[in-house]
Every structure is written in structure tokens, then in C-alpha cells.
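# Descriptive structure summary
Listed here are the chains, written in short residue letters.
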Amino acid sequence: MELAKKCNVSNMQQIRLSSSWFGEEEIAAVSRVLKSHIVSMGIETKLFEEELHKFWGRKDSGVTCVNSCSAALQLSLQASGIKRGDEVIVPTYTFVATFQAVTANGAIPIPCDVDLDDGFISMDDAKKRLTQKTRAIIPVLFAGIDSKIEKVYQFAEENKLIVIEDAAHCFGNQNIAKRDGILCFSFDPIKNISCGDGGCVLTSQNEVTERLKDIRLLGVIGDTDRRFQGLRSFEFDVVEQGWRLHMNNIAAAIGRVQLAKFHIIQEKRQKNANMYIENLSDIEGIRPLPINVKTAVPHIFPIIITNGKRDELKAFLSEKGIETGVQYKPNHLLSYFNRGYDLPNACNFYESILSIPVHPLLREDEVLYVIDCIKEFFYVTKNQIF
Ligand SMILES: Cc1ncc(COP(=O)(O)O)c(C=O)c1O
């Protein structure tokens, strides 16, 4: 345990895969809201939406805050007109939330394979999934990778599909500001910024934003504006199914603090990712994903283990006190979503991928310790083989 001692890692699993990063400012923000006695959606949510809007610098776009990215996806599908029985193409390699958002609308998620180089939705496979009923496609920006996104928009244009980007992993990516679709973000406990739980939709499609503002609050027409003025609706109308998925003042107040210190979070995450890229890229048996750390702020840092020893590495790191993860089990392997498709690239990913810690609470010596342990594993394994 020489390495562990160097880095004060004495107990099991001291280096967590992911972590929230809250401080006194967030505690003060929550306290401020509690003392105001107005904890439901109100002024904090309004200000957070305005600050996010400014952050992205997209003058023509609307921001709608909700209580998760799952909600953002579900409501975006509804607000863009997806209905019962419509088919939506979704990469099977994503968190189950992307699939559940589709079925929550009575629509059918059609699992699609991913490209082997980066885990991004395979456009070749997407073409095979098109039917008369296909209405939308949800590209997932897995690990913040979005370099092929234009191909999705082109495919959607050719086939008259709605594009809803699952950008849960992509907060802070500078390319986002240039895009024109419907983008859904997550502010859950371990994302690049966190509200405790939260999410938002960013879009320049005004009619989608208008609809989102009502359906996040049980479909009550105009309720968002009234709540932003500290009022409530008593006399109102409802014209469609709505849900109680808005973001409350407590969550928004936390999010505002996190947004204000995002530059620190960004620097820490990018520094950690760069250390991994510099130190792990040349190891035989590892292929880091092509995350562009100049534009993306890595929420997760997955590596592909090409020597077939992913599970052994996971166990080895666990013994060294380092938690890792396998993100994700492809959705077409889950009973609820299995449509009998063979999606080999996603399965290949599932068998060889391993996420290592990249969160902003990590100290530099802890990142170096993770690197040293991974190197040690490959050195030992290589010596065993040869
Ligand atoms: C790719 C992806 N989409 C959607 C979600 C759902 O986000 P939330 O937890 O905010 O609902 C997650 C959460 O981890 C995710 O990783």
C-alpha cells in the first residue's frame, strides 16, 4: 500500500467516483430562501433562468427550469408535439432517464446503436430505425462528446424529425451556445453544476418554451408569470396534460451559487481530465474517449479497456480504495425496452468501459494516485501475460 500511504488513502473506497461540491455559499442561499418563507417556484427560479440565459449568451433563446433532466426531456417531447404511438430514435447507450422520458409520453423509444470510437449515436444505424412513425431523435452527448452533432441535425432535416439533445453531461460546453435545437440539462447532485436536483431546457423555439412554462406547472395557463411575481393562480384554465415538475426556489438558489462558481468547477474538472489524458493515453490496453477538454467540461471520464480485463481493473482499483463505475447498461438489454435488436457496438462499450473519478473535490495527489494505480495494474497484468 505504498501508493495509498503517499496519498492518505488508508480505508476502502476513499476516492469516490463522483461527488457534489457544496460550500458555505450554498448553505447561506438555502437559509435565505427558508427564511423568506417562499420556497416554491418564485423569484429565485426567475433569476436562475435569467442568469443561465446570460451564461449561454443566446439572445433569442428561452430557458425553462424544471426539477430534473428527466423532466426536461419528458416535457420537451410533449412541448414539441410528440404523441402516443410516435417513435423516437434513442441511442441505447444512455442512462435509463432518456428512455423513460419517451415512454412517459406514451411514445416508443427505438434503441439505436452507437459508434465505437466515441459512443455517439450511430447515424448508419439510425437510418435503419426510421419508419413512417418516426417523429424525433434524441442524441445523447455522452461524456460531453458532441463532435458529430451536425450529422444528427442534417439527418433530422432530411427526415423531418424533431431533435432533442440529451445534454445532461454537457453543461459548460462552449459549442452549445452555437446550436439551435432543444437542449436538456441536468443539475442533479453530481453534475457539472447542481441544484440538489434540477434541470432545464434551452431552446430558441419560442412556442416550445411557452408550452413548457405551463406544462411544468400542471398545465395552468400563465402560472409561471404569476409565480415569478410572488402570486398564485386561483382563476385559471388548463388546455392540456401538465405535470408538477417545476424548479422550486430552494433548488434555484443553490443553482445560482453553483453557476457563479462554475469557472472554478470547470477548471478543476478540465485539469483532472487533462491529467488522465496526458498520463493514460499511451498505456497499452487503454483507450480514453475522444473528449475535447478545450470545449467540454467532463462530467464523467470513461476509459475503454481494450485488453478484456475491465472487471479485473475495477476490482483492483476498488482494493486500492478507488471507486469506479460502468456507465451504462444499454437500455435495449432492460426488459421494459427490449425490442429484440442486436446492437453490438453498445454491448462492446458496456463490456469494456470504466468511468474513473473526475469530480472537482479530488486533490491533485488523488488524481495522480488513480493514475499510478492504473499504471500498476497494467504493468502487473502485462508481466503475468508475458
Ligand atoms: C445521459 C443522461 N440523461 C439524463 C439523465 C437524467 O438526469 P436527472 O438525474 O437530472 O434526471 C442523466 C442522469 O444521470 C444522464 O446521465
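This section reports on the structure supplied with the text. (Residues numbered from 1 in each chain as written. Predicted model: local features only at pLDDT ≥ 70, side-chain atom pairs only at ≥ 80, totals over all residues. Heavy atoms only, no water.)

What follows concerns the side chain of Gln 74. With respect to the helices, strands and loops of the structure, Gln 74 is situated in helix H4 (residues 69–79). Aside from chain neighbours lying at most four places away, what touches Gln 74 is Ala 101, Ala 104, Asn 105, Trp 243 and Leu 245. (Helix = DSSP H or I, 4+ residues; strand = E, 2+ residues; numbered from the N terminus. Contact = heavy atoms within 4.5 Å.)

For the rest of this paragraph, the subject is the sheet that holds strand E8 (residues 286–288). Taken in spatial order, the three strands make up an open sheet running E8-E9-E10, and their pairing is antiparallel. Edge positions in the sheet fall to E8 and strand E10 (353–356), since each has one partner strand and no second. The average undirected angle you get between the axes of adjacent strands in this sheet is 35 degrees. Set on the sheet, helix H13 (residues 344–352) makes contact with strand E9 (301–305) and E10; between it and E10 the angle comes to about 50 degrees. (Pairing = 2+ DSSP bridges. Axes fitted to C-alpha atoms, helices over the stretch in contact; angles between N-to-C directions.)

As a further point, take the nonpolar core. Within the largest apolar cluster, 41 residues are counted, with the highest numbers of intra-cluster contacts made by Phe 142, Tyr 276 and Ile 374. Those elements that place two or more of their residues in this core are helix H11 (262–280), E9, helix H12 (310–319), H13, E10 and helix H14 (364–385). Two domains each provide a minimum of three residues to this core, namely domain 1 (2–10 + 262–385) and domain 2 (24–260). Core analysis: the second largest hydrophobic core is formed by 38 residues, Ile 121, Phe 155, Cys 170 and Ile 265 among them. (Core = buried A, V, L, I, M, F, W, Y, C linked by side-chain atoms within 4.5 Å. Buried < 20%, exposed > 50% of the residue type's maximum accessible area, 1.4 Å probe, protein only. Domains from an automatic or database assignment.)

What follows concerns the packing of aromatic side chains. Taken as a whole, this structure holds 19 aromatic pairs when the rule is applied. Each ring, one from Phe 55 and one from Phe 262, has its centre 5.8 Å from the other, and the planes form 85 degrees; the classification is edge-to-face. Here the residue Phe 55 occupies a position in helix H3 (residues 43–56), and Phe 262 occupies one in helix H11, the gap between them amounting to 207 residues. A relative accessible area of 33% places Phe 55 in the partly exposed class. With a relative accessible area of 2%, Phe 262 lands in the buried category. Relative to Phe 171, the ring of Trp 56 has its centre 5.7 Å away and its plane inclined at 65 degrees; by these criteria the two rings are edge-to-face. Of this pair, Trp 56 sits in helix H3 while Phe 171 sits in the loop between strand E5 (162–166) and strand E6 (182–186), and the two are 115 residues apart along the sequence. Of the two residues, Trp 56 and Phe 171, both sit in the buried class. A network of ring pairs unites the aromatic residues Phe 48, Phe 55, Trp 56, Phe 171, Phe 185, Phe 187 and Phe 262 as a single cluster. (Phe/Tyr/Trp six-rings, centres within 6.5 Å; stacked < 30°, edge-to-face > 60°.)

Below, the discussion takes up the site of the ligand. The environment of the ligand is made up of 16 residues, and the closest members are Cys 69, Ser 70, Asp 166, Ser 186 and Lys 191. Side-chain polar atom of Lys 191 to an oxygen atom of the ligand: 2.6 Å apart, as the coordinates give it. Calculation on the ligand without its partners gives an accessible area of 390 Å², and the protein chains cover 91% of this total. Broken down by secondary-structure element, the contributors of at least two residues to the shell around the ligand are H4 and helix H5 (96–103). A per-class count over the shell around the ligand returns six nonpolar, seven polar and three charged. (Near = heavy atom within 4 Å. Polar contact = N/O pair within 3.5 Å; in protein donor to acceptor, adjacent residues only side chain to side chain. Areas by Shrake-Rupley, 256 points an atom, 1.4 Å probe, with all protein chains shown as cover. Nonpolar A, V, L, I, M, F, W, Y, C, P; charged D, E, K, R; others polar.)

Backbone hydrogen bonds are what pair the strands of a sheet, in a parallel or an antiparallel way. Here seven strands make up an open sheet; going across it, the order is E1-E7-E6-E5-E4-E2-E3 and the pairing mixed. Looking along the sheet, the strands with just one partner apiece sit at the ends: strand E1 (62–66) and strand E3 (108–112). Sheet twist, expressed as the mean angle between neighbouring strand axes with direction ignored, is 25 degrees. Here two bridges tie strand E4 (residues 134–137) to E5, and the two strands are oriented parallel to one another. Of the residues in E5, the one forming a bridge with Ile 137 is Val 163. Its contacts with the sheet place H4 against E1, strand E2 (87–91), E5, E6 and strand E7 (199–203), and it is angled at close to 160 degrees to E6.

Per the counting criterion, the structure on display carries zero disulfides. Between Cys 65, a cysteine without a disulfide, and Cys 200, which holds the nearest cysteine sulfur, the sulfur-to-sulfur distance is 5.2 Å. Sulfur of Cys 170: no disulfide; nearest cysteine sulfur belongs to Cys 69 and is 11 Å away. Taking relative accessible area as the criterion, Cys 170 reaches 2% and is therefore assigned buried. (Disulfide = S-S within 2.5 Å.)

Within the secondary structure, Thr 209 sits in helix H8 (residues 206–215). Assessed through its relative accessible area of 7%, Thr 209 is described here as buried. Filtering out sequence-adjacent residues up to four positions away, Thr 209 remains in contact with Gly 62, Thr 64 and Thr 203.

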